[in-house]
Amino acid sequence: MRMRRLLGLALATATLAGVSAVGAATAQAATYPAISSGQCTEQGGTVNQGGPYRPPTCTFPDGHSETIT
């Protein structure tokens, strides 16, 4: 009985670790890389200066925005 619990716990831990790794990889693939303001305007984007607590961003014609480095 004890062995069955340990195996179940090990399987549950491995499953959660696998799901976490897949979620992290998906989130990383969905992010856009940071660009410069020059690259932003070259690609047809608009530079937004941001605010006191927000960094400058670039808004592209398709609607997505990226942080400017």
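In this text the structure is predicted, and so the values were computed from the model without any measurement.

Visitor: What should I look at first to understand the overall build of the protein in this one?
Guide: In terms of helices and strands, the protein carries two helices and three strands. Ordered by position from N to C terminus, the α and β elements of the protein give α-α-β-β-β. Scored against the burial criterion, the 69 residues of the protein give a buried share of 12%. In the protein, the proportion of contacts linking residues at least 24 apart, taken out of those at least 6 apart, comes to 26%. When the accessible area of the protein is evaluated, it comes to approximately 5,500 Å², of which 62% is carbon and sulfur surface.

Visitor: Would you mind showing me how to read the state of the cysteines here?
Guide: Two cysteines form a disulfide when their sulfur atoms are joined by a covalent bond. Following the criterion strictly, the structure yields one disulfide and no others. Covalent S-S linkage joins Cys 40 and Cys 58, the inter-sulfur distance amounting to 1.9 Å. Residues Cys 40 and Cys 58 share a disulfide whose torsion about the S-S bond is about 80°; that sign makes it right-handed. One end of the pair, Cys 40, is in helix H2 (residues 37-42); the other, Cys 58, is in strand S2 (residues 57-59), with 18 residues separating them in the sequence. By relative accessible area, which is 0% here, Cys 40 ends up buried.

Visitor: Help me out: how do you make sense of the nonpolar core in this one?
Guide: For soluble globular proteins, the rule of thumb is that nonpolar side chains tend to be buried together. In terms of nonpolar packing, the biggest core is built from five residues, these being Ile 35, Cys 40, Cys 58, Phe 60 and Ile 68. The residues contacting Ile 68, other than those within four sequence positions of it, are Ile 35, Ser 36, Ser 37, Val 47, Pro 56, Thr 57 and Cys 58.

Visitor: I keep staring at the sheet that holds strand S3 (residues 65-67) and nothing clicks. Help me out?
Guide: Backbone hydrogen bonds hold the strands of a sheet together, and the pairing may be parallel or antiparallel. A sheet is described by the order of its strands in space; here three strands give the open sequence S1-S2-S3, paired in antiparallel fashion. Strands with a single pairing partner mark the edges of an open sheet, and in this sheet they are strand S1 (46-48) and S3. Put simply, the sheet's adjacent strands are angled 25° from each other on average, direction ignored. By the bridge criterion, three bridges tie S1 to S2 in an arrangement that is antiparallel.

Cut-offs and rules
Within each chain, residues carry numbers counting from 1 in the order of the written sequence. In view of the model being predicted, local features appear only for residues whose pLDDT reaches at least 70, and side-chain atom pairs are presented and counted only at 80 or more, with totals across whole chains, interfaces and linings using the full set of residues. For the side-chain quantities, the full set of heavy atoms in the structure was used; hydrogens and water were omitted. Segments assigned H or I by DSSP are reported as helices when at least four residues long, segments assigned E as strands when at least two residues long, and all are numbered from the N terminus. When a residue's accessible area, from a 1.4 Å probe over protein chains only, is under 20% of the maximum for its type it is buried; when over 50% it is exposed; and in between it is partly exposed. Whether two residues touch is decided by their heavy atoms; if any such pair falls within 4.5 Å, the residues are in contact. Where accessible areas are quoted, they stem from the Shrake-Rupley method and a 1.4 Å probe; at the residue level, only the protein chains shown are allowed to cover. Cysteine sulfur atoms that pair up within 2.5 Å are treated as a disulfide. The definition of a nonpolar core used throughout is a set of buried Ala, Val, Leu, Ile, Met, Phe, Trp, Tyr and Cys residues joined through side-chain atoms within 4.5 Å. For two strands to count as paired, DSSP must find a minimum of two bridges between them. Helix axes use the C-alpha atoms of the stretch in contact, all axes being lines fitted to C-alpha atoms, and the angles between their N-to-C directions lie in the range 0 to 180 degrees.

The quantities given are spatial measurements derived from coordinates; they are silent on function.
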